[in-house]
Amino acid sequence: MGRKRTRHIIILRGLPGSGKSTRARDILKEYGSGEAFSTDDYFRENEKMVGFHKKYLQEAHEWNRNRVLQAIRGKVHPIVIDNTNMYKWEMWPYVRMAFRRGYWIEFEDLPVIPLEILDRRCPQISMEVLERMNEGYEPVKKIWDVIYDYNSKERWMPNPERLQNHW
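Residues numbered from 1 in each chain as written. Predicted model: local features only at pLDDT ≥ 70, side-chain atom pairs only at ≥ 80, totals over all residues. Heavy atoms only, no water.

- Going by an unreviewed UniProt entry, the chain carries the name NEDD4-binding protein 2-like 1 isoform X1 and comes from Salvelinus namaycush.

If you want it as structure tokens, here you go:
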């Protein structure tokens, strides 16, 4: 018999402005514990920056993955990932680090909102970017859709960040 997975990680999926942060707060209220992690927090917490800076996006994502890994090691329950997560490769590190450490992994797609509304909610993101993200959305039903995704594995397996942090 395999080990029982009693801690949860919930990966929210949706375009910018679709309500992921609100849903993350609701989930934490429902559980009465846990933490939510968003790459956007990097830009909110870094005193040197005000607002989003594309040139720091990769650094921000790595910062967020490290925070999530520390929460997993600390057995935080639940962990909510509040990023767009439109592509399997974006979710792969979170799925891999959580699965290897005994977490139950759930995916939650937020309701689709017309792009015109999202464009008004997020004026800093162009309509072209929203359309590209929407068109590139990769459906995921189970963790295996992510874990065994060839492109994600090829991208992340040799990555020094993965090797250093053992995920």
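1. As for helix 1 (residues 20-31)
Here is step 1 of the chain: Over its 12 residues, helix 1 extends 17 Å from the first C-alpha to the last, a length consistent with the 16 Å expected when each residue adds 1.5 Å.
Here is step 2 of the chain: Within helix 1, the full set of buried residues consists of K20, A24, I27 and L28. Along the axis of helix 1, the buried positions cluster into a sector of 95°, meaning they face one direction only. Residues K29 and E30 are exposed on helix 1 and point more than 90 degrees away from its buried face.
Here is step 3 of the chain: Looking one or two residues beyond helix 1, the residue adopting positive phi is G32, at roughly 75°. (Helix = DSSP H or I, 4+ residues; strand = E, 2+ residues; numbered from the N terminus. Expected span 1.5 Å × (residues − 1). Buried < 20%, exposed > 50% of the residue type's maximum accessible area, 1.4 Å probe, protein only. Arc of directions from axis to C-beta.)

2. Let's talk about the sheet that holds strand 1 (residues 7-13)
Here is step 1 of the chain: The strand order across the open sheet formed by four strands is 2-3-1-4, and the pairing between neighbours is parallel. The outermost strands of the open sheet, each flanked by one partner alone, are strand 2 (35-37) and strand 4 (103-109). Direction aside, the axes of adjacent strands within the sheet are offset by 20° on average.
Here is step 2 of the chain: Direction of pairing for strand 1 relative to strand 4: parallel, over a ladder of seven bridges. Paired with L12 across the two strands is E108, which belongs to strand 4.
Here is step 3 of the chain: The strands touched by helix 1 within the sheet are strand 1, strand 2, strand 3 (79-82) and strand 4, with strand 1 carrying the most contacts at an inclination of about 160°. (Pairing = 2+ DSSP bridges. Axes fitted to C-alpha atoms, helices over the stretch in contact; angles between N-to-C directions. Contact = heavy atoms within 4.5 Å.)

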